[in-house]
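# Fold and contact review
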Amino acid sequence: MHNDAMLRQLGYVPNSSLVSQFETIKNNTKEYAKIEKHIMDLHDHLKVNNSYVALSNSKDYLKIKIEAQTEALNEEAHEKVKHFSDKYKVQVEKLPQKDTYYILGFEH
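Residues numbered from 1 in each chain as written. Predicted model: local features only at pLDDT ≥ 70, side-chain atom pairs only at ≥ 80, totals over all residues. Heavy atoms only, no water.

## Some words on the overall build of the protein
Let me state the cut-off plainly: Only runs of H or I of at least four residues qualify as helices and only runs of E of at least two qualify as strands under DSSP, and these elements are numbered from the N terminus. Between the two quantities, the radius of gyration covers C-alpha atoms and the globule rule is 2.2 Å times the number of residues to the power 0.38. The buried label goes to any residue with under 20% of its type's maximum accessible area, the exposed label to any with over 50%, and the partly exposed label to all in between, with areas taken from a 1.4 Å probe on protein chains only. For this analysis, residues touch if any pair of their heavy atoms sits within 4.5 Å. Throughout, the Shrake-Rupley method with a 1.4 Å probe supplies accessible areas, and for residues the shown protein chains are the sole cover considered. In this tally Asp and Glu are treated as negative and Lys and Arg as positive; neither His nor the chain ends contributes. Taken as the charge centre is NZ of Lys, CZ of Arg, CG of Asp or CD of Glu, depending on the residue.
Scanning the protein for helices and strands turns up four helices and four strands. What you see in the protein, going N to C, is helices and strands ordered as α-α-α-β-β-α-β-β. For 108 residues, the compact-globule estimate of 2.2 N^0.38 gives 13 Å, and the C-alpha radius of gyration of the protein, at 13 Å, lies within 12% of that figure. Counting only C-alpha atoms, the protein reaches 40 × 30 × 25 Å along its principal axes. Taking all 108 residues of the protein together, the buried fraction comes to 40%. For the protein, long-range pairs separated by at least 24 residues make up 51% of all intrachain contacts whose partners lie at least 6 apart in sequence. Entry remark: accessible area of the protein is about 6,200 Å², with carbon and sulfur atoms responsible for 49%. Here the protein holds 15 positive side-chain charges and 16 negative ones, and the gap between their average locations is 2 Å.

Here it is, written out as structure tokens:
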């Protein structure tokens with residue numbers, strides 16, 4: 001998928017800076033092409049939990065941000081991330097004390 005289309009799907013209005021940042025993230029994410037579609041699917045599935053996939057401003061990775069309004073929705077969102085990680089063999093890193101993960105890439 002084209003960088004502009006991916007950015008739009010994630011809710012951004014593409015510009016040269018975002019396209020460049022996204023390209024860096026793709027290059028930094030291990031075997032990104034193998035998991036690209038699954039990342040977009042996860043983004044769509046998380047919307048009902050008021051959660052999403054976004055560009056990280058602090059690291060060159062996509063991040064998963066869980067902002068669910070209730071404990072039940074929060075737990076459900078974390079389960080979706082775990083299912084995504086296990087099923088598609090995607091390595092994620094959970095930040096301590098936060099409802100945020102980094103998508104590090106495909107793991108064999």
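From this point, the narrative continues.
## So, the pattern of salt bridges
For the record, the criterion: Any carboxyl oxygen of Asp or Glu within 4 Å of a side-chain nitrogen of Lys or Arg constitutes a salt bridge here.
Evaluation of the coordinates by the stated rule reveals seven salt bridges. Between Lys-59 and Glu-93 there is a salt bridge, with the nearest N and O atoms lying 3.8 Å from each other. One end of the pair, Lys-59, is in the loop between strand E1 (51-55) and strand E2 (62-66); the other, Glu-93, is in strand E3 (residues 90-94), and 34 residues separate them in sequence. Classification of Glu-93 as partly exposed rests on a relative accessible area of 29%.

## Looking at the pairing of E1
Within a regular beta strand, the side chains point alternately toward one face of the sheet and then the other, so they alternate between its two faces. Definition in use: Two strands form a pair only when DSSP identifies at least two bridges running between them.
Among the five residues in E1, four count as buried, and that is most of the element. Counted between consecutive antiparallel strands, the loop separating E1 from E2 contains six residues.

## A closer look at the packing of aromatic side chains
For clarity, the threshold we go by: Pairs were defined over the aromatic rings of Phe, Tyr and Trp, the Trp ring being its six-membered one, requiring ring centres within 6.5 Å. Orientation was assigned from the angle between planes: stacked under 30 degrees, edge-to-face over 60, tilted for the rest.
Counting across every chain of the model gives three aromatic pairs. Ring geometry for Tyr-61 and Tyr-102: centres 6.2 Å apart, planes at 45°, overall tilted. Of this pair, Tyr-61 sits in the loop between E1 and E2 while Tyr-102 sits in strand E4 (residues 100-106), placing them 41 residues apart in sequence. Tyr-61 gets classed as buried once you look at its relative accessible area, which sits at 19%. Aromatic pair Phe-84 and Tyr-88: ring centres 6.3 Å apart, planes at 55°, arrangement tilted. Residue Phe-84 and its partner Tyr-88 are located together in helix H4 (residues 71-88), separated by four residues, close to a single helical turn. A residue is classified by how much of its surface remains accessible, and Phe-84, at 3% relative accessible area, is buried. You can call Tyr-88 partly exposed: its relative accessible area is 25%.

## Some remarks on helix H2 (residues 16-28)
Quick note on the threshold: Take the number of residues in a helix, subtract one, and multiply by 1.5 Å to get its expected span. Of all possible arcs, the one meant is that of the directions from the helix axis to the C-beta atoms. Within 3.5 Å is the distance limit for a polar contact, defined as a pair of N or O atoms, with the added protein rule that one can donate a hydrogen and the other accept it, and that residues adjacent in sequence qualify only through two side-chain atoms.
Given a rise of 1.5 Å per residue, 13 residues ought to cover 18 Å, and the 18 Å separating the end C-alpha atoms of H2 matches this to within 8%. Within the sequence span of H2, burial applies to Leu-18, Phe-22, Ile-25 and Lys-26. All buried residues of H2 lie within an arc of 100° about the axis, which places them on one face of the element. For H2, the exposed residues set more than 90 degrees away from the buried face come down to Ser-16, Ser-17 and Asn-27. Elements in contact with the buried residues of H2: helix H1 (3-9), helix H3 (32-46), E1 and E2. Regarding H2, its N-cap is Asn-15, as a side-chain oxygen of that residue lies 3.0 Å from the backbone nitrogen of Ser-17 further along.

Note that every value here comes from positions in space, so none of it alone points to a role or purpose.
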